[in-house]
Amino acid sequence: MLAHPNTGQLFNSPVEPGTGWPGDPATPQTAVAADAAQVSALASSATSLADLNAQVSVCRACPRLVSWREEVAKVKRRSFAEQPYWGRPVPGWGSEQPRLVIVGLAPAANGANRTGRMFTGDRSGDQLYAALYRAGLVNQPTSVDAADGLRANKIRIVAPVRCAPPGNSPTPAERITCSPWLDAEWRLVSDHVRVMVALGGFAWQIALRLPGAIGTPKPRFGHGAVAELPSGVRLLGCYHPSQQNMFTGKLTPAMLDDVFRLARKQAGIR
Ligand code: SF4
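Residues numbered from 1 in each chain as written. Predicted model: local features only at pLDDT ≥ 70, side-chain atom pairs only at ≥ 80, totals over all residues. Heavy atoms only, no water.

Q: I would appreciate a short explanation of the overall build of the protein chain in the present structure.
A: On a plain count of helices and strands, the protein chain comes out with 9 helices and 8 strands. Each principal axis of the C-alpha distribution contributes one length, and for the protein chain these read about 50 × 40 × 30 Å. Within the protein chain, buried positions represent 53% of all 270 residues. For the protein chain, restricting intrachain contacts to residue pairs at least 6 apart in sequence, the fraction spanning at least 24 positions comes to 67%. Charge centroids of the protein chain, computed over 29 positive and 19 negative side chains, lie 6 Å from each other. (Helix = DSSP H or I, 4+ residues; strand = E, 2+ residues; numbered from the N terminus. Buried < 20%, exposed > 50% of the residue type's maximum accessible area, 1.4 Å probe, protein only. Contact = heavy atoms within 4.5 Å. Lys, Arg positive; Asp, Glu negative; His and termini not counted. Charge placed at Lys NZ, Arg CZ, Asp CG, Glu CD.)

Right, here's the structure in full:
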């Protein structure tokens, strides 16, 4: 067992449900989806975000991803060798009544798969949360672990795949298997949502497949692209704040600021 870097509590890697990890939504009794049919059944019957988050966080429906996330959790990157790794699926994070939803791709093996919180503990997340802070959408500029006090201002961050995939690349079958979790999350929050930001072209396509977006002529993704969905939600395109995009200057902090300041304004967030 290793000590959590913030709380000092000891954990196995992966973390067992209900053992005290900060923000762990599950208990040992939480229902575990073992295949695609069970994901679909549990997701469609979820009546609260608390239940949904708990069930997402213990899902084992994709054998390849389960084995990868757990292997990374046990082997660890050398720089995090002294830390316990979450090693489980990563639920959506943020407000339960968000006016702005940010759509990513999947957890990073040594980022969210380590910390248990979306975009937390990797370079992409460093850029994203710093920009969200500058736009007044979170309460602090850094997001390092699940006990660091980060709070959302009417935003929620979601992903279409909840387990870290090898090579950051889930298979089409894994994307389909995981999709009911996001559909259910959207069903539970969408009444409040005014704006979505899609981080990259894949997230853009996912956003256009959510209920309420069906019927939209398929607008092309681009940084700064805007699509008005039939549900009344406005979809904004933003390049993914990946290490490569930021390093090459394809995406700059100023470009992120433009997107999130616009998103905040259009979502009516104070
Ligand atoms: S990717 Fe999604 S469906 Fe597959 S095991 Fe992870 S949480 Fe379950």
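On we go.
Q: Would you mind going over the pattern of salt bridges with me for this structure?
A: Side-chain pairing between opposite charges can occur once the charged atoms of the two side chains come close. Counting across every chain of the model gives 9 salt bridges. Of the charged contacts in the structure, one is a salt bridge between arginine 88 and aspartate 24, with a shortest N-O distance of 3.0 Å. Residue arginine 88 is located in the loop between helix H3 (63-75) and strand S3 (93-94), and its partner aspartate 24 is located in the loop between strand S2 (10-11) and helix H1 (36-45); the two are separated by 64 residues in the primary sequence. Classification of arginine 88 as buried rests on a relative accessible area of 5%. Judged by its relative accessible area of 16%, aspartate 24 is buried. Between glutamate 228 and arginine 234 there is a salt bridge whose closest N-O contact spans 2.7 Å. Through salt bridges with shared partners, a single network forms among Arg60, Arg69 and Glu70. (Salt bridge = Lys/Arg side-chain N within 4 Å of Asp/Glu carboxyl O.)

Q: Just checking my understanding: could you explain the packing of aromatic side chains for this structure?
A: The description of an aromatic ring pair uses the distance of the two centres, along with the angle that the planes make with each other. One pass over the full model with this rule turns up 5 aromatic pairs. Both rings, one in tryptophan 21 and one in tryptophan 86, keep their centres 6.0 Å apart while their planes meet at 45 degrees; by these two values the pair is tilted. Of this pair, tryptophan 21 sits in the loop between S2 and H1 while tryptophan 86 sits in the loop between H3 and S3; the two residues are 65 residues apart in sequence, bridging distant segments of the chain. Tryptophan 21 gets classed as buried once you look at its relative accessible area, which sits at 4%. Plain terms: the ring middles of tryptophan 93 and tyrosine 129 are 6.0 Å apart, the flat faces sit at 85 degrees to each other, and that makes the pair edge-to-face. Note that tryptophan 93 is positioned in strand S3 and tyrosine 129 in helix H5 (residues 123-134), a separation of 36 residues in sequence. Residue tyrosine 129 is classed as buried on the basis of its relative accessible area, which comes to 0%. Here the aromatic cluster, defined as three or more aromatic residues joined through ring pairs, consists of Phe11, Trp21 and Trp86. Between the NZ or CZ atom of arginine 175 and the centre of the ring of phenylalanine 202, over which it lies, the distance is 4.1 Å. (Phe/Tyr/Trp six-rings, centres within 6.5 Å; stacked < 30°, edge-to-face > 60°. Lys NZ or Arg CZ within 6 Å of the ring centre and 35° of its normal.)

Q: What is the right way to read the pairing of strand S4 (residues 100-103) from this model?
A: Sheet faces and side chains relate simply in a regular strand, where the side chains alternate between the two faces. Burial along S4 is two-sided: the face carrying Leu100 and Ile102 and the face carrying Val101 and Val103 are both buried. Here S4 pairs with strand S5 (residues 155-158) via 4 bridges, running parallel. Across the sheet, the residue bridging to isoleucine 102 is isoleucine 157, located in S5. Of the strand pairs in this sheet, S4 and strand S6 (residues 195-199) are connected by 4 bridges, and their pairing is parallel. Directly across from leucine 100, in S6, lies its bridge partner valine 195. (Pairing = 2+ DSSP bridges.)

Q: Any chance you could explain the sheet that holds S6 here in plain terms?
A: Paired through backbone hydrogen bonds, the strands of a sheet run either parallel or antiparallel to each other. The mixed open sheet is built from 6 strands, whose spatial order is S3-S5-S4-S6-S8-S7. In this open sheet, the two edge strands, each paired with only one partner strand, are S3 and strand S7 (226-228). The strands touched by helix H6 (residues 172-189) within the sheet are S4, S5 and S6, with S5 carrying the most contacts at an inclination of about 170 degrees. Strands S4, S6, S7 and strand S8 (234-238) of the sheet are contacted by helix H7 (residues 201-209), whose axis makes an angle of about 170 degrees with S8. (Axes fitted to C-alpha atoms, helices over the stretch in contact; angles between N-to-C directions.)

Q: Just to check I follow, could you spell out the site of the ligand for this structure?
A: Near the ligand you find Cys59, Ala61, Cys62, Leu65, Pro89, Val161, Arg162, Cys163, Thr177, Cys178 and Trp181, and these make up its full shell. Looking at the shell around the ligand element by element, the count peaks at 3 residues for H6. Classifying every residue of the shell around the ligand by side-chain character gives 9 nonpolar, 1 polar and 1 charged. (Near = heavy atom within 4 Å. Nonpolar A, V, L, I, M, F, W, Y, C, P; charged D, E, K, R; others polar.)

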